Amino acid sequence: MFQILRRLRRDERGQAMVLGVVVMLVLAVTIMVSVNIGQGVYEKIKLQDAADAQAYSLAVKEARAYNFLAYTNRAMIVHYSAMLTVMSYVSHAVYLDRTIGTAAKYLQYIPGVGAVFAAVSTAIKAWKVTVETVSRLLIPVLTALNIALWLAQEAMLTGTLFDLYTSKGHGNVIDKTDPRADVPKDMDSGQSFTNASLSSLFKNQGDINYSNAKNFLHVIDDGPLSSSPTMGLDPTGMLTRGKLVQANKLSDPNMAKYRLLMGNLANGVRREWTAVGKGPILIGRKWDFNLCVVIGQLRIRKTADSQIKSFDEGFEGNRKDQLYASDDIRIEVRPTCFLFGWKTIFQLRFRAAADNRGGFHQEYGSNKTDDHHPWMGITPFVTSDTSFINPRQNHFGYPCNLIILSKDMGADRTGSKPVYELENLSQNAFMEGSGSHKFDKEEENTQEGIYESYLDMTWRYVGGKQDKYAEDFRERTGGMMAMAVGRALYHRPNTWKEEPNFFNPLWTARLAPINTHWDEDHLKWIVPAWKDSEWLLNGIYY
């Protein structure tokens, strides 16, 4: 018996099994920890990808909206230019009828050449009737089309605002990129702007993202100012612009701004023939004839003009705006060919003008005849405030959108999607319930998440159980958060060819650094360590 015991005590067989069990346990724990860390990194990457995709998607929508405004504004300018061209044809046709046409009417009785002049007279009258008929039809149609373009602009603004304004407008980009991602409570959803008329478009006030909506709109002229605490009753400025179709008062600074800007732009794109005229003698819109004889010099000057004019309310019966085109003839003489000044002995004007008073006038000298269709004046359109006041904060008119996503990693939060955890270890572990549980009731253990025979692989206490900031973070985010900023850019960064505007479709989208977002106060509220990180980035160590 004693020999057997001594032999067993000296026998070293089986040690590898014991060491193997210990090593396998350590290896298993290491693998589980690695899997947990890897899974956490994977979930974080997916969450950040979802935030980046959504931020870029919204930035594309912002750029698309601004480009749409630019295209429609340019279309309005083209329409005004077309109206001015038609008015030029009308005034020129009236000139031809009242000069060459009148002469041809009498010259047609000359034997031999009378038939030619009769044909000329008939052709000129037919041309005059044609251009007047076209102008009566075309100008109201183009005016109505411009109003339709303005309404399309407002619809684009409202649709883009809905995407930025509410979580429900985000679409399925987030869900397709990361189905586990949550959109947490949006920033400043309790602001008083939720009582504005625009908020009635959206049913759930809790989904409102005040920051993104205001940042998109602050570049819109007559939208909210960047320093305004609320967006007001007319956040997009639609009601302000809508006054143009009714009031059109130049004395109103807001009205004058639109009327003069669009009028100058439309005048600036006129072709030479429309703007100042050109052409051969007698039949052209602009020409000079000089004749020097012994007794003096004769000069006949034919000039032309076509433009959008803005008048004061008190001018000739409150005419306000006018599409104007004229062809003027002036006959001047002077006693010699070189000395003394010119003296006007005869002047004749042929003018066509569509205005807000309701008239299309043809003027011969001082007589006005032939009232036709009214012109409603400058149509409302959307323009921009480039926000060069405090450019670091307002990004030179570049709108941003801030996307914040969270994911429940097993932290204590209710009402979220299913938590992330290794259920076979945290709930159905092979060791669960096998211990004596004598340490479970110890406060210092339970506070740190230590339970006998319970291997918890969740992020239930990420940031520390006792840390108040970490507790708030877990409550808001579920243990993981990702942020991204998308920005609509005009031209390229650091390449300033012109100020951002809504007349050139040069807007594009990109992701931007988080710390450039203008709503810094909200970021500090969401991320308590933001200020500490800011200090470190600025070189202040403590």
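In this report, we go over the structure that sits alongside the text. Bear in mind that the values here come from a model prediction, so they are computed numbers and not experimental data.

Here we take up the pattern of salt bridges. Within this structure, the stated rule accounts for 14 salt bridges. Residue arginine 285 is joined to aspartate 327 by a salt bridge in which the shortest nitrogen-to-oxygen separation is 3.1 Å. With arginine 285 in the loop between helix H8 (272-275) and strand E1 (287-293) and aspartate 327 in strand E3 (residues 321-334), this pair connects stretches of sequence that are 42 residues apart. Of the two residues, arginine 285 and aspartate 327, neither departs from the other in class, the shared state being buried. Residues arginine 301 and glutamate 332 are paired through a salt bridge, measuring 3.9 Å at the closest nitrogen-oxygen approach. Highlighted residues: arginine 301 in strand E2 (residues 296-310) and glutamate 332 in strand E3, separated in sequence by 31 residues. For glutamate 332, a relative accessible area of 5% corresponds to the buried category.

We now examine a nonpolar patch on the surface. A surface patch of nonpolar side chains, amounting to about 510 Å² of accessible area, comprises Leu25, Val29, Val33, Ile37, Val41 and Ile45. Here isoleucine 37 falls in the exposed class, since its relative accessible area comes to 52%.

So, about unusual backbone geometry. Excluding glycine, most residues fall at negative phi; most peptide bonds, likewise, are trans. At leucine 282, a residue that is not glycine, the phi angle is positive and equals roughly 75°. Along the polypeptide, leucine 282 turns up in the loop between H8 and E1. Even without being glycine, phenylalanine 340 reaches a positive phi, approximately 65°. For phenylalanine 340, the position within the fold is in the loop between E3 and strand E4 (343-355).

Below, the discussion takes up the state of the cysteines. Scanning all chains against the criterion turns up one disulfide. What pairs with cysteine 292 in a disulfide is cysteine 337, and their sulfur atoms sit 1.3 Å apart. Here the S-S torsion is close to 95°, and the disulfide linking cysteine 292 with cysteine 337 is therefore right-handed. Of this pair, cysteine 292 sits in strand E1 while cysteine 337 sits in the loop between E3 and E4, and the two are 45 residues apart along the sequence. Judged by its relative accessible area of 44%, cysteine 292 falls in the partly exposed class. Note on cysteine 337: relative accessible area 11%, which makes it buried.

As a further point, take the pairing of E1. Two elements, E1 and E2, share seven bridges in a ladder whose sense is antiparallel. The residue bridging valine 293 from the neighbouring strand is glycine 296, located in E2. Between E1 and E2, which pair antiparallel one after the other, the connecting turn spans two residues.

A word on the packing of aromatic side chains. Inspection of the entire model under this criterion finds twelve aromatic pairs. For the ring pair tyrosine 258 and phenylalanine 381, a centre distance of 5.1 Å and an interplane angle of 85° mean the geometry is edge-to-face. Of this pair, tyrosine 258 sits in helix H7 (residues 253-268) while phenylalanine 381 is found in the loop between strand E6 (367-369) and helix H9 (391-394), placing the two residues 123 residues apart along the sequence. Of the two residues examined, tyrosine 258 and phenylalanine 381, each falls in the buried class. Where phenylalanine 502 meets tryptophan 507, the ring centres are 6.1 Å apart and the plane angle is 55°; that geometry is what we call tilted. Comparing phenylalanine 502 with tryptophan 507, the two get one shared label, buried. An aromatic cluster of at least three residues, connected via ring pairs, comprises Tyr66, Phe216, Tyr398, Tyr490, Phe502 and Trp507. Sitting above the plane of the tryptophan 342 ring, arginine 299 keeps its charged end 3.9 Å from the centroid.

Conventions adopted
Residue numbers run consecutively from 1 along every chain, following the written order of its sequence. The model is predicted, so local features are restricted to residues of pLDDT at least 70 and side-chain atom pairs to those at 80 or more, both for listing and for counting; the totals for chains, interfaces and linings are taken over all residues. In computing side-chain values, all of the structure's heavy atoms are included and hydrogens and water are not. By salt bridge we mean one thing: a side-chain nitrogen of Lys or Arg within 4 Å of a carboxyl oxygen of Asp or Glu. Strands are runs of DSSP state E lasting at least two residues, helices are runs of H or I lasting at least four, and both sets are numbered from the N terminus onward. Exposure is judged per residue with a 1.4 Å probe applied to protein chains only, and the accessible area is read against the type maximum: over 50% gives exposed, under 20% gives buried, and values in between give partly exposed. For patch detection, residues must exceed 30% relative accessible area and be free of salt bridges, and they are connected within 9 Å for like charges or within 5 Å for nonpolar side chains (Val, Leu, Ile, Met, Phe, Trp, Tyr). The accessible surface values rely on the Shrake-Rupley method and a 1.4 Å probe; as for residues, cover is taken only from the protein chains in view. When two cysteine sulfur atoms lie within 2.5 Å, the pair is treated as a disulfide. One requirement defines pairing of two strands: DSSP has to find at least two bridges between them. Aromatic rings from Phe, Tyr and Trp, with only the six-membered ring used for Trp, were paired whenever their centres fell within 6.5 Å, and each pair was classed as stacked if the ring planes differed by under 30 degrees, edge-to-face if by over 60, and tilted otherwise. By definition, being over a ring means that NZ of Lys or CZ of Arg is both within 6 Å of the ring centre and within 35 degrees of the ring normal.

Shape descriptors only; they carry no functional weight alone.
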